Amino acid sequence: MAAPDIELALWRGFRLSMQTAGCLALVSFVPGFLLRLVYPRWENRIVLGLNGLLLVLLSILYVASFPFYRQFHANFNQMLVTGANDDLYALLITMVQQYALPVRLAGALLLAWVLWRCLKAFLACCRLENAVEAMAWPRWARYLGRLAFLYVTYLGVLLGIFGGSLGWQTAVDWENAGVTKDDFLNEAILDNPQAIYRAYNLNRRMLACNGLDFTTEDIRNLAARLAGKPADTDDLDVYLTKEAQGPQLEKPRQVIVILSESFANWPLLDKYRDIPISHGMRSLIAEDDTDYCPTFLPNGASTVSAVTGVVTDFADANLYLTTMPESFAAPYPTASAPQMQELGYTTNFWYAGPATWERIGAFTQAQGFEHFYSRGDFGDVPGSVWGCEDEVFYEKVLEGLDPDQPSFNVLLNASNHSPYDLDLDAKGFDKEAVRAALPSEHQQDEELLKELGHYWYADRELAKFVKSVKERCPDSLIVIVGDHGDRYNIDKTPTMYERYGIPFIITGKGIHKGTLLPDAAGSQIDIMPTIYELIAPKGFSYMAVGSSLTRTNRQGVNYGFFITRHAIGKADTVPLVPESIDGTAPELDQQAMEDYINGVRSVSWWRPKYGAILDETKLQDRQ
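Residues numbered from 1 in each chain as written. Predicted model: local features only at pLDDT ≥ 70, side-chain atom pairs only at ≥ 80, totals over all residues. Heavy atoms only, no water.

Engineer: Account for the overall build of the protein chain, with residues named and values stated.
Structural biologist: Broken down by element type, the protein chain carries 22 helices and 16 strands. Relative to the 2.2 N^0.38 estimate, which gives 25 Å for 623 residues, the radius of gyration of the protein chain is 28 Å and therefore close to what a compact globule would have. Judged by the C-alpha coordinates and their principal axes, the protein chain covers about 100 × 60 × 50 Å. A total of 623 residues make up the protein chain; the buried ones form 51% of that total. Restricting the contact set of the protein chain to residue pairs at least 6 apart, pairs at least 24 apart contribute 73%. When the accessible surface of the protein chain is split by element, carbon and sulfur atoms take 59% of a total near 28,300 Å². Where the 53 positive side-chain charges of the protein chain centre and where its 75 negative ones centre are 8 Å apart. (Helix = DSSP H or I, 4+ residues; strand = E, 2+ residues; numbered from the N terminus. Rg over C-alpha atoms; globule rule 2.2 N^0.38 Å. Buried < 20%, exposed > 50% of the residue type's maximum accessible area, 1.4 Å probe, protein only. Contact = heavy atoms within 4.5 Å. Areas by Shrake-Rupley, 256 points an atom, 1.4 Å probe, with all protein chains shown as cover. Lys, Arg positive; Asp, Glu negative; His and termini not counted. Charge placed at Lys NZ, Arg CZ, Asp CG, Glu CD.)

This is the structure we're talking about:
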């Protein structure tokens, strides 16, 4: 973090905060001005009262921004909206247990009181000075002073409107403020109200679909390139329809997809092999009946995006599918459950938490899952506010697997999640062994050790579950991915790959090293196409946005990034800038990758919101 970048961040943040300060000043200035004219006795009380409320709010936001950044590596963002749709009781308990809410709230209120006393003293000084000036200065000087005050106020208004500038040409706003080379500094430039304003704007765009800007002609051409078909129809389903090339293994009795909470890929990398938190998955990957793709992306930044990716096969495209009426009308043609039913499987969704979270129970069943099981079905079991413990969850799933009944099961666990309140000592976690393996500068970070302990627990229980499934149902096919990464890392400034990557592990009867393409890469929309191409009979017709890692897929894309076997980069820069994953010089076909990114996003935006037919008149509702 270079000094010039820090100076630039401070300057840009100062300019942007002029806009915030101008808006907040109006909250007390307008009522104070009016009261000055009609009821001057109440002017001071109302101004102090309103500013007191503002200081309380700003102090709470300031204090809250620290744990928020620790969790999401960002200033306030759209996760605020996600949280508003989340389990509010669980969020409250997490904030109390994990982030010491009462202590932080008390600190914020104390800070607000101190600032309010300072403001009160400052206003009292201003009034005293005005009285002195009024007696000492001649009338012409007072009028001149008032004109100067009006001119300075005018300049202040311009600086407030245009973010530290006198015109729109050089204005700073939340969209162009992040100009440093450091992601942390770019987030720090936004003050808390600006960050919330950003979240509001992005969410409004999401609801209005303004986050994407494609014409129907764009989508037709992009969908055709994605499918390798001629752009000769406005029916998107034609481009989404694929035919299986024939099974690559004997049809398994049980197909299981595990979305493991916060299960990042970085602990599986060679550079971290001496840190004893990933023995379970490392051992599994080494087995002969297992293959592993280390270049895989989550569908989004949160768990709900992983769910929608596997359930619907649509990429994250600025749509909140679990809240859209269209998602509850009928299963999308790309939905995984109905297509697995066509292959002869009973379909089950298992969730360690409550069915009301993100409407997950109603959503998965609306998308074709025949059965949904959640914590409410498991009885009084140990766990956190987010869900039961992994070992209990996997035990319940095992009890529900019938070796004689073919079934497709999607599992979503919850233990590796804040408030990170497992009794790790009781679970057998060797914290001191992990501490000794960490770099010296991190060995006293108790919070990090607790987080790593929860990864260790998730890894251990996952390995035990896979072993139990293979023993009980030896002809099973199991796919393991993280729901997302980007929650904690050992390095404070991890590479893009280490921060966002998740593992893709596939194991079971008939799987072998080389089942996946040697240069495979993908994202969560490629999970189901991979399964179809492994087990479906030749000619089986299925619909998907993604494609199989065993046949063709060598790239992945999600809400903000792309990945190949050797490179990763942000998906919204022009040109795309690949960052090497393995130290080799990254090569990238710019046009092909741009077409892939835009194709996946445009189809995943149009099809769930507007239906199969590309019709320009449907875009009239865009704002």
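The rest of the description comes next.
Engineer: How would you sum up unusual backbone geometry? Please name residues and give values.
Structural biologist: Among all residues save glycine, negative phi is the norm, and among peptide bonds the norm is trans. Following Ser-418, the chain continues into Pro-419 via a peptide bond in cis, with omega recorded as 15°. Residue Val-574 is joined to Pro-575 through a cis peptide bond whose omega torsion reads -5°. Counting through the fold element by element, Pro-575 comes out in the loop between strand 15 (567-570) and strand 16 (579-580). The phi dihedral of Tyr-420 falls on the positive side, at around 45°, and the residue is not glycine. Looking at where Tyr-420 falls in the secondary structure, it is placed in the loop between strand 8 (407-412) and helix 17 (424-427). Of the residues examined, Tyr-420 reaches a relative accessible area of 3% and is grouped as buried.

Engineer: Which residues make up the pattern of salt bridges, and what are the values?
Structural biologist: Tallying each qualifying case throughout the model produces 23 salt bridges. Of the charged contacts in the structure, one is a salt bridge between Lys-427 and Glu-391, with a shortest N-O distance of 2.7 Å. Remark: Glu-391 occurs in helix 16 (residues 390-400) and Lys-427 occurs in helix 17; sequence separation between them is 36 residues. Of the residues examined, Lys-427 reaches a relative accessible area of 18% and is grouped as buried. A salt bridge links Glu-446 to Arg-435; its shortest N-O distance comes to 3.0 Å. In this pair, Glu-446 is assigned in helix 19 (residues 446-472) and Arg-435 in helix 18 (residues 431-437), connecting sequence segments 11 residues apart. Taking the relative accessible area as the measure of exposure, Glu-446 reaches 37% and is therefore partly exposed. Relative accessible area serves as the criterion here: at 11%, Arg-435 is assigned to the buried category. (Salt bridge = Lys/Arg side-chain N within 4 Å of Asp/Glu carboxyl O.)

Engineer: Lay out the packing of aromatic side chains in plain terms, naming residues and giving numbers.
Structural biologist: The geometry of an aromatic ring pair comes down to the distance between the two centres and the angle between the two planes. Considering all chains together, one arrives at 27 aromatic pairs under this definition. Relative to Phe-184, the ring of Tyr-69 has its centre 5.3 Å away and its plane inclined at 85°; by these criteria the two rings are edge-to-face. Of this pair, Tyr-69 sits in helix 2 (residues 43-72) while Phe-184 sits in helix 7 (residues 183-189), placing them 115 residues apart in sequence. Between the aromatic rings of Phe-369 and Phe-408, the centroid separation amounts to 6.0 Å while the plane-to-plane angle is 25°, which identifies the pairing as stacked. Pair noted here: Phe-369 is in the loop between helix 15 (360-366) and strand 5 (371-373) and Phe-408 is in strand 8, with a separation of 39 residues, a long-range link. Here Phe-369 falls in the buried class, since its relative accessible area comes to 3%. Connected via pairs of aromatic rings, a cluster forms that spans Phe-214, Trp-605, Trp-606 and Tyr-610. Between the NZ or CZ atom of Arg-45 and the centre of the ring of Trp-42, over which it lies, the distance is 4.8 Å. A cation over an aromatic ring shows up here: Arg-359 above the ring of Phe-328, its NZ or CZ 4.1 Å from the ring centre. (Phe/Tyr/Trp six-rings, centres within 6.5 Å; stacked < 30°, edge-to-face > 60°. Lys NZ or Arg CZ within 6 Å of the ring centre and 35° of its normal.)

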